[in-house]
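Survey of secondary and tertiary structure
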Amino acid sequence: METDLHNLLSRQIKKYLTEDFKNHPQFNNFINAVNDSYKSFERDKELTDHAFRQSEKEYKELFNDLKKENELKQESISSLYESLSLLDSAFDTKKNKDLKELSLYLAEQLKERKRAQDNIKRQEEKYRNIIANMNLGLIEVDNDEIVRYANQSFCNVSGFELDEIIGKNPSQLFVQGEANLEFIQEQIELREKGISSVYQLPIKNKRGELRWWAISGAPNYDDHGNLLGSIGIHLDITDQKKLEEDLKQEKSKAIEASKAKEVFLANMSHEIRTPLNAIIGFLRELKRLDLTTTQSQFVENSFNAAQHLLSIINNILDISKIESGEMSLDNTVFSLKECISNIISILQPKARQKKILLKAKFSDDLFSEFKADALKIKQILYNIIGNSLKFTNVGEICLECNVRKDFPDHQNLEIRITDTGIGMSEEYVKQIFKKFNQEDSSISRKYGGTGLGMAITRELIYLMKGEIKIKSKKNVGTEISIFLDMTKSIGKSESKNIEVKEHISIEGTRVLLVEDNELNQLVAENSLTHFGCEVTKADNGKIAVDILLKEQFDIILMDIQMPELDGIEATKILRKDFRLTTPIIALTANAFKTEIDNCIAAGMNSYITKPFDEDELLKIIYKNIKMQNTSKTNNSEEEKILYDLKNIQALSRGNDDFIQKMLSIFITQTQETIPMVEKAFEEKNYAEIARLIHRIKPSIEGVGIYSIKETVKDLEVKSKEQQTDFPELYTMFLEVKETLFKTIKQLEREIR
């Protein structure tokens, strides 16, 4: 049978074998065997190809899976590196690209984290111990005000055991009284708003004792910012509270004692000054008479003794004013060089009498005018130079005024007074500023004095923020240096006080003298008559009011303490009820600032203390008469229209009703505000004066009352600054008030 040969074998046989070989039996067996091998190889090849194809497919699938897995792994590693870089900026991703480095790094980080956690744990334990054992009581409450934690100190301060506090409401345990419970509720509401606070609260502890706690409360939040409740720290301040109450009582007693002292000194001042005014006044009248030499000497000695007594009273009152804080500065523009020269000129006769050289030297660059309290500076220099004259018997007294530093707006000055007097020991120099202090009793017997002068001098210098230094050597002399910062008066010069040397006259002035003491009435009448005044007398305020209903005067001299109606009440009636604008000058034996402020607040223009100096009385009357005459002259020039309605007319755009309404509002507002300003003056309330003046200022400008525009502005500014005394402020207010009332009368004619 013919064998089915493999294609490749069949082609080979046909190509290379003859028919003889094909028909040979043994060769056929060989051919069949080869054919079977070919077919077997073919089958193996097919199987191999199939297997290879199958393996290649599976390999590709496996390769793709591995590739994806590797990509995911690389992404995870990159993300991990980025996270580590964010956590640790020092971690270098470029140098740590393999997992081994990464695993080492992570292991180190885990160790570091473990150390940090252990440290935090130790700190927490430490702070827990601190909180548990600190002297401050601490509690934590939840949002329902239930105690969740309390330390041992809180248990100690409250008297309760811990299990008696946990789970309880602290308000119910400790707080007594509706007002305190309401206050605690307000504190709880603050915590809910996230606000902390510190407060003091009276509580009752477990034993029922009243105690005071200082409490610091704060809201308590979790890590996500949710409010968990609040934390309170408590300190028992009962002892401090008791001390505080004791101090308040002592302060109250001290204030009462100070007031009693002031009342005593005021009464003493009044009781001594009143007869002393008569004594000095009559001695002054005697000095005007033609007396014998002996009589003149007796009168002069008596007059000097009375003046010495007055200076002692003034010194005691000055010390009292300084101690009570009543002493204040009155800044005016003056020439320091002229001031010192006048003092030297006044004291020169006494120096010549003792054959002592008294001289003054000034720096060439000393500024021409300063703004300061000239009277206080005079008082200081009179005290020091007066002491030098008293304790120097031979040689000289030299005053030098030197500029230490020059600034654009002020100069730092040294005023040095040196003398060749008896000097002082080093020990006494340290004690010189003590009150009623003198080196020894022989000094007091030989030279006199109260030992108050230098104490007052130092306090006045301190009041001006200055400094005083003293160098002295026994039997050689003394050097006293005063250091002051003096403000330059630059620009528009303010008016200076009238000097006595200026020729002034009040002759023909009609004066109403209101004085209940017959002797003082006579003294004042003699002085006024001496100056050529026409004097009408009233024994008290009631009589003065009755006289003023019928007569007019140029000026009123008003005593303060009088029967039936005193000077303060009489002035209020004249100012408020009669709207009297005549200048009223207080004649007071009480030199305290509170009394003077009361006079000014009542409506008085100025004051003079008893015993009065004739020259001072002359200056004050002249100054007030001059101001009054200037005002009258300005008013009588033709009844000037005091307002200008062009601004309101422009706003109205021809609407007459609008103008009428605006004027009515202005009149009503002004009439309501002026009494309120007067009340603020009575209460000495700077801030309220400034506020009220600020309130009416726009209306004054709107109505066009330009004559007082600057005065109103100055009054508001000076009230805010609180640097100007009430007398000056009240004088400004009187000008404003008078102008406003006159304007209102004129405006009422504008209103239909």
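Small disclaimer: the values here were computed from a predicted structure and weren't measured. (Residues numbered from 1 in each chain as written. Predicted model: local features only at pLDDT ≥ 70, side-chain atom pairs only at ≥ 80, totals over all residues. Heavy atoms only, no water.)

**Things to note about a negative patch on the surface**
Here is the rule we go by: Patch definition: residues with relative accessible area over 30% and no salt bridge; like charges joined within 9 Å; nonpolar side chains (Val, Leu, Ile, Met, Phe, Trp, Tyr) joined within 5 Å. Here the accessible surface of atoms and residues is derived via Shrake-Rupley with a 1.4 Å probe, and residues count as covered only by protein chains that are part of the display. A side-chain nitrogen of Lys or Arg and a carboxyl oxygen of Asp or Glu constitute a salt bridge if their distance falls within 4 Å. Counted as positive: Lys and Arg. Counted as negative: Asp and Glu. His and the chain ends are not counted at all. Note on charges: their place is set at NZ of Lys, CZ of Arg, CG of Asp or CD of Glu. Secondary structure elements are taken from DSSP: a helix is a run of H or I of four residues or more, a strand is a run of E of two residues or more, and numbering for both begins at the N terminus.
On the surface, a cluster of negative charge is contributed by E178, E182, E186, E189 and E192. Relative to the elements of secondary structure, E182 occurs in helix α8 (residues 178-192).

**Some points on the sheet that holds strand β1 (residues 137-142)**
Note the cut-off: Two strands are counted as paired when DSSP detects at least two bridges linking them. With axes taken as lines fitted to C-alpha atoms, and helix axes fitted only over the stretch in contact, angles between N-to-C directions fall between 0 and 180 degrees. In what follows, a contact means two residues having at least one pair of non-hydrogen atoms within 4.5 Å.
With respect to topology, 5 strands assemble into an open sheet ordered β2-β1-β5-β4-β3, the strand pairing being antiparallel. For this open sheet the edge positions go to β2 (147-150) and β3 (197-204), each flanked by a neighbour on one side alone. When the angles between neighbouring strand axes are averaged without regard to direction, this sheet yields 30°. In terms of strand pairing, β3 meets strand β4 (residues 210-221) through 8 bridges, oriented antiparallel. Within the sheet, the bridge partner assigned to P202 lies in β4 and is W212. Along the sheet, α8 contacts β3, β4 and β5 (227-236); its crossing angle with β3, the most-contacted strand, is approximately 145°.

**Things to note about helix α16 (residues 518-530)**
Note the threshold: A helix's residues, less one, multiplied by 1.5 Å, set its expected span. We call a residue buried when its accessible area falls under 20% of the maximum for its residue type, exposed when it is over 50%, and partly exposed in between, using a 1.4 Å probe and counting protein chains only. Here the arc refers to the directions that run from the helix axis out to each C-beta atom. Polar contacts here mean pairs of N or O atoms no more than 3.5 Å apart (in protein, one a potential hydrogen donor and the other a potential acceptor; neighbouring residues in sequence count only if both atoms are side-chain atoms).
Between the first and last C-alpha of α16 there are 18 Å, a value that for 13 residues agrees with the 18 Å anticipated at 1.5 Å per step. Within the sequence span of α16, burial applies to N520, Q521, V523, A524, S527 and L528. Taken around the axis of α16, the buried residues stretch over an arc of 165°, which confines them to a single face. With a side-chain oxygen lying 3.0 Å from the backbone nitrogen of L519, the N-terminal cap of α16 falls on N517.

**So, the environment of A586**
Along the chain, the position of A586 falls in strand β16 (residues 584-588). Owing to a relative accessible area of 0%, A586 belongs among the buried residues under this scheme. In this structure, the C-alpha to C-alpha distance between A586 and T609, residues 23 residues apart in sequence, is 8.0 Å.

**Quick look at the environment of L276**
Among the structural elements, L276 can be located in helix α9 (residues 238-287). According to the relative accessible area criterion, L276 is buried, its value standing at 3%. Each C-alpha atom of the pair L276 and P611 lies 6.4 Å from the other, and the pair is 335 residues apart in sequence. Those residues in contact with L276 that sit more than four places away from it in its chain are A306, L309, L310, I313 and P611.

**Looking at unusual backbone geometry**
Geometrically, the link from K610 to P611 is a cis peptide bond, its omega value of -10° lying close to zero. Summarising the element assignment, P611 is placed in the loop between β17 (606-609) and α20 (614-636). One non-glycine residue, K355, adopts positive backbone phi at about 60°. Examined against the element boundaries, K355 turns out to sit in the loop between α11 (336-353) and β7 (357-362). By relative accessible area, which is 74% here, K355 ends up exposed.

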